[in-house]
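Chain and residue survey
Each chain, written out:
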Amino acid sequence: MKNGNNKNTVIKQINEVLNRTFGKTIENATQNQLYKAFAITVKNEIMDKWAQSAYTTDDKRVYYLSIEFLMGRALSNNILNIGKRKDYQEACKQLGLDFDSIASREPEAGLGNGGLGRLAACFMDSLATLDLPAYGCGIRYEYGLFRQKIIDGQQVEYPDTWLEDGNVWEVERPEERVEVHFGGHIKESWEGDKLRFVHSGYSTVHAVPYDMPIVGYMNDRVNSLRLWRAVSPKRIDMASFNRGEYLKAVEEKQMAEVLSHILYPEDKHYEGKSLRLKQHYFFVSATMQMIVARFMKLNLPLSALPDKAVVHINDTHPALAIPELMRILMDEHGLGWDEAWDITGRMFAYTNHTIMAEALEKWPEQLFKQILPRIYAIVKEINERFCGMVYRDFPEKRNDIHKMAIIGYGQIAMAPLCIAGSYSVNGVSALHSRIIKEETFKDFADVFCGKFTNVTNGVTHRRWLLLSNPGLTDLITKNIGKDWISDMTKIKALEAKADDPKFLDKFDNIKRLNKRKLAEYIKQTTGIVVSENSIFDVQVKRLHEYKRQLLNILRIMYDYVQIINEPEKYKDAIPVTCIFGAKAAPGYKRAKVIIKLINDAADLINNDPRVMDKIKVVFLENYSVSLAQIIFPASDISQQISTASKEASGTGNMKFMMNGALTLGTMDGANVEIYESVGPDNIYIFGYDAETVQQIYKTGEYDPTVFVEQDYTLKTVLNMLIDGTLNPEKPYLFKEIYESLLSCKTGMSDPFLILGDFQSYKAAHDKIVKDYADRRKWNKMAVINVANSGRFSSDNSIANYNKLIWKLK
Ligand code: 26Q
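Residues numbered from 1 in each chain as written. Predicted model: local features only at pLDDT ≥ 70, side-chain atom pairs only at ≥ 80, totals over all residues. Heavy atoms only, no water.

Remarks on the sheet that holds strand β15 (residues 362-364)
Across the sheet, three strands lie side by side as β15-β17-β16; this open sheet has antiparallel pairing. The open sheet has two edge strands with one neighbour each: β15 and β16 (407-408). Inspection of the sheet shows β15 paired to strand β17 (residues 411-413) by three bridges, in the antiparallel sense. Of the residues in β17, the one forming a bridge with P364 is Q411. Strands β15 and β17 of the sheet are contacted by helix α16 (residues 414-421), whose axis makes an angle of about 45 degrees with β17. (Pairing = 2+ DSSP bridges. Helix = DSSP H or I, 4+ residues; strand = E, 2+ residues; numbered from the N terminus. Contact = heavy atoms within 4.5 Å. Axes fitted to C-alpha atoms, helices over the stretch in contact; angles between N-to-C directions.)

So this is what it looks like as structure tokens:
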């Protein structure tokens, strides 16, 4: 029996590793040792392929540069991708071990804030699976995104010590260390007819790479995620140490190493912090040096560099890779400006992820100059040549040059640098790409019309469906065969089953089991008992005003008031469990108050007997990749309710869809494409569209008081924010929220248009809850959603990136 053999091989391997590494056996190993033994065993299995993929080919590669990689746990994923899930499960069964509990010992690699970081992780998975040679490059943060606890309804942050107990997956490569220089002075000198730039008086930080394997699904490719760690070249200064100045002795060392200590927890909020600028330069400098050094081994002329490497810039954070390459080509390889710029201009592609003004990166010129004097000089030159080109070649745009300049008003703007220095610029959904081309970066698009393109985001169905929802995965495979797993477009065949009552019952049952699992988790972590028969209505994402968790909680409070006012009317209503998960940036006060509001409202509603358990409100703390893997499969309703035009794409929306949740959303980001895929009957759309929102911003015609005057219940709900109902001890807590919702002074009114969208949101929610009663019909809609989710696999996005932009192989 093949399977029996494989299972026994796994058992033998694990025993061996346990024995060699810990001097233990399966019988007496701790859970942590078991986890490590599993991980080492899997890693050993992929080592061969990793060496092959990483060090033997000269093919053109894509380097995906990102300040964030929100990877989540790797063990189950890697086992899935090498095709040995069954072997490991059976081995565990035979040994009396609980595989999931062992896998949950792995600390999660949470090196990202949200969508942008998770997208980078999904893309790494698809790149390997599509057998494309790729490197992910970023920072090996010692502390990932903070762990969130909710204490007395409020967010409290704790450090994420994910590396404390070691990281089985990483391989340190000290032999590939490079130097990164900060500060100092630049001297110009003529060497024959060449102007040379000599950098002196700088301080040095060593960048040491740590590689993690990225395993392709059922193929021979294992790519690398290369994360750089900052190490000081200095040992402790023994002289100061001996004088008893311990602090001073370690100070310099720590100043250097702090660069890779912590992930900034701000998501879409830029602040000109010098440490952050240093982090950006640190990892892009190390990466660009590595790329050029690797290329030099091929003994080709430097002009061939773009045939061997393409560098993808994930938002503007790695923008300095552009001037850094210029520096390496000119200062270290003696190229002239034009030659270096020609190479550079063929190497970079840039993805924009947000149009929110406060997220657009700009650095104070003085700070920049001081920290990166040589890079500053290069950026200045790029700016002058770029503005000169526009002046010369586009006389009609002369009056717009100040809007496009890279340097101006004492600041250096990163998006213009990326656009000027890349051959491709893309947005992350059809709507978003249109907005950046026609509005945000319109002037650039007039100048470089061919550069702008769209690649809609996607998510890896291997993690978000196969791993997270094995029940649904099996059901799909039993009905349409297994081809869809390697080609997600084939999942469309499932639509043929959308009218099959037997199939729908099975589908319904799988959802129920997933809900049971989540209900258990909720009970364990919050003590709240929720019914698996209730509708699981879910909003999980970063806490941001534009994402409008506030709209959701106000609507819940509205339902609450309706139920206590007319209990008779609601006594047969299907109960709804409203689930939130959201981290707020630690310094984002309004976001934190909204978390408090959700929790205070939850307390009030969950403990009011008049509600008859018709509504439960649950705030799950520490929303993370692993928690998301439990939530999506158990969800009925996917809340995607951003103010239209604000959410560039969203990717949670896609994960819900794949798991058969129905979208309740605005026409924003990729919701628009989900709508096109499933049709108007299988999605719940409400609210202003992007054009109307823009119109309101332009005219300022928005008066929220009108909506309140028309609706007495809404008035009651808003009053609850200020009359102490929610928090009798601190009735003032939510006063500012109340005022922001109602303010209509010119230029001061609520930019998220919450009350403007309220009524249509409430109506859409009432309809979705009503429709749930017809379970056959509901499940049919859900199946149609799953069947049409194929285009949202990141395999599709990556295939598009490659076809349109990278052109590998
Ligand atoms: C920049 C400079 C200084 C400090 C912070 C930042 C910063 C950090 C994180 C700016 C932006 C981010 C994150 C942006 C982000 O996650 N955007 C999301 O990207 C997803 C993937 O494309 C989209 O699906 C989401 O719609 C978009 O909000």
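Details of the site of the ligand
Around the ligand lies a shell of 21 residues, among which K268, H353, N457, E647 and G650 are the nearest. Between an oxygen atom of the ligand and a main-chain N or O atom of L116, the distance comes to 3.0 Å. Within the side chain of H353, one N or O atom sits 2.6 Å away from an oxygen atom of the ligand. For the ligand, whose free accessible area comes to 610 Å², the fraction covered by protein is 98%. Broken down by element, the residue count for the shell around the ligand peaks at three residues, all from helix α6 (residues 115-129). When its residues are assigned to classes, the shell around the ligand shows six nonpolar, eight polar and seven charged. (Near = heavy atom within 4 Å. Polar contact = N/O pair within 3.5 Å; in protein donor to acceptor, adjacent residues only side chain to side chain. Areas by Shrake-Rupley, 256 points an atom, 1.4 Å probe, with all protein chains shown as cover. Nonpolar A, V, L, I, M, F, W, Y, C, P; charged D, E, K, R; others polar.)

Considerations on the pairing of strand β4 (residues 134-139)
For β4, a buried count of six out of six residues is recorded, marking the element as mostly surrounded by other parts of the structure. Side chains of β4 alternate between two faces, with A134, G136 and G138 and Y135, C137 and I139 buried alike. In terms of strand pairing, strand β1 (residues 61-65) meets β4 through four bridges, oriented parallel. In the sheet register, Y63 faces β4, and the bridge partner there is Y135. (Buried < 20%, exposed > 50% of the residue type's maximum accessible area, 1.4 Å probe, protein only.)

Section: unusual backbone geometry
Positive phi is not limited to glycine here, since Y409 has a value of about 50 degrees. With respect to the helices and strands, the residue Y409 is situated in the loop between β16 and β17. One non-glycine residue, K809, lies in the positive phi region at around 50 degrees. Within the secondary structure, K809 sits in the segment after α35 (794-806).

Quick notes on the pairing of strand β21 (residues 576-581)
Across the six residues of β21, six count as buried, placing the element largely inside the fold. Residues of β21 alternate between two faces, with V576, C578 and F580 on one and T577, I579 and G581 on the opposite face, all of them buried. Sheet topology note: the strand β20 (residues 535-540)/β21 ladder contains six bridges and is parallel. Considered in β21, the bridge of V540 is made with G581. Of the pairings in the sheet, the one linking β21 to strand β22 (residues 615-620) comprises six bridges and is parallel in character. Residue pairing in the sheet places T577 in a bridge with K616 of β22.

Section: the packing of aromatic side chains
Counted under the stated rule, the structure contains 19 aromatic pairs. Between Y64 and F123, the ring centres sit 6.0 Å apart and the planes meet at 80 degrees, which makes this aromatic pair edge-to-face. Highlighted residues: Y64 in strand β1 and F123 in helix α6, separated in sequence by 59 residues. Exposure class is identical for Y64 and F123. Each is buried. Aromatic pair F123 and Y801: ring centres 5.5 Å apart, planes at 70 degrees, arrangement edge-to-face. Of this pair, F123 sits in helix α6 while Y801 is found in helix α35, placing the two residues 678 residues apart along the sequence. A relative accessible area of 1% places Y801 in the buried class. Just above the ring of F197 sits the side chain of R374; from NZ or CZ to the centre is 3.7 Å. Here the guanidinium or amino end of K451 rests over the ring plane of F448, the centre of that ring lying 3.7 Å away. (Phe/Tyr/Trp six-rings, centres within 6.5 Å; stacked < 30°, edge-to-face > 60°. Lys NZ or Arg CZ within 6 Å of the ring centre and 35° of its normal.)

A closer look at empty space enclosed by the protein
For the structure on display, the rule yields six cavities of 30 Å³ or more. Of the volumes computed, that of the largest cavity is approximately 70 Å³. Taken together, the residues that form the lining of the largest cavity break down as one nonpolar, seven polar and four charged. In this structure, the second largest cavity spans a volume of roughly 40 Å³. The element that contributes the greatest number of residues to the lining of the second largest cavity is helix α22 (residues 501-526), accounting for four residues. Its residues assigned to classes, the lining of the second largest cavity comprises one nonpolar, one polar and six charged. (1 Å grid on protein atoms, 1.4 Å probe; cavity = no way out; pocket = protein on both sides within 12 Å on 5 of 7 lines; lining within 4 Å. Points joined across faces, edges and corners; volume = space filled by probe spheres on them.)

So, helix α31 (residues 712-720)
Side chains three or four residues apart in an α-helix point the same way, a direct result of the helix having 3.6 residues per turn. Within the sequence span of α31, burial applies to T713, L714, V717, L718 and M720. The buried residues of α31 occupy one face: seen down the axis, they fall within an arc of 150 degrees. At the N-terminal end of α31, a side-chain oxygen is found 3.1 Å from the backbone nitrogen of T713, two or three residues along, and the residue is D711. (Arc of directions from axis to C-beta.)

Here we look at the environment of E172
Take E172: it is sitting in strand β7 (residues 171-172). Sequence separation of E172 and P209 is 37 residues, and the distance between their C-alpha atoms is 6.2 Å. Dropping the residues within four chain positions of it, E172 is found in contact with V208, P209 and Y210.

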